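Here's the letter readout for the chains.
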Amino acid sequence: MLPVELQLMMALEYLRQYATFAELGFSYGVCESTAQNYVAWVEEMLTKGGKFRLPGKKALLGTAKLRPSLSTRPKARQNAPKKTAAMVFGQEKATHHQNATDCKQG
């Protein structure tokens, strides 16, 4: 078990630097689930103490001013076939694969 000071440092690193639990676990020599439990415990203790409070979803959505942003993500293909439940679960083949040539025939 890590000392409380290290648990607090782990939680601060998680909150401030957005480190994953796997990264935290590796850095502090514990497994990923233990890192997650430590961070959850620290957050719970801070919340119970009354000094730490995150705004709720309604508060964030009510005060947020949406600004247009430039995205570098490419737009989705317009002519891509729609996926049905049968296609998602492998019960039906996608239409764009029916006319594809097999690489082994080459």
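Residues numbered from 1 in each chain as written. Predicted model: local features only at pLDDT ≥ 70, side-chain atom pairs only at ≥ 80, totals over all residues. Heavy atoms only, no water.

A.B. asks: It is not clear to me how helix α1 (residues 4-17) should be interpreted in this structure. Could you clarify?
C.D. replies: An α-helix turns once every 3.6 residues. As a result, residues three or four positions apart point the same way. A rise of 1.5 Å per residue sets the reference length of α1, with its 14 residues, at 20 Å; its end C-alpha atoms lie 19 Å apart and thus fit the reference within 8%. Listed in full, the buried residues belonging to α1 are Q7, M10 and A11. Down the axis of α1, the buried set is contained in an arc of 95°. They therefore lie on one face. In α1, the exposed positions angled more than 90 degrees off the buried face are occupied by E5, R16 and Q17. Elements that come into contact with the buried residues of α1 comprise α2 (21-28) and α3 (32-49). Once α1 finishes, Y18 follows within two positions and takes phi at roughly 55°, a positive value. (Helix = DSSP H or I, 4+ residues; strand = E, 2+ residues; numbered from the N terminus. Expected span 1.5 Å × (residues − 1). Buried < 20%, exposed > 50% of the residue type's maximum accessible area, 1.4 Å probe, protein only. Arc of directions from axis to C-beta. Contact = heavy atoms within 4.5 Å.)

A.B. asks: Can you help me understand α2 in this one?
C.D. replies: What α2 keeps buried is the set F21, L24, G25 and Y28. Buried positions in α2, seen along its axis, are confined to an arc of 100° and lie on one side of it. Exposed and oriented more than 90 degrees from the buried face of α2 are F26 and S27. Tucked into the core, α2 has its buried residues touching α1 and α3. Two residues or fewer past α2, G29 is found with a positive phi of approximately 75°.

A.B. asks: What am I meant to see in the confidence of the model for the chain here?
C.D. replies: Close inspection of predicted coordinates is inappropriate for parts of the model with low pLDDT. Mean pLDDT over the chain works out to 75, with 57% of the residues at or above the 70 mark. Taking the mean pLDDT of every element in the chain, the minimum, 64, falls on helix α5 (residues 85-88) and the maximum, 94, on α2. A low-confidence stretch, residues 97-106 stays under pLDDT 50, and its non-local contacts, those more than four residues away or across chains, total 0 contacts. (pLDDT = per-residue confidence, 0-100.)

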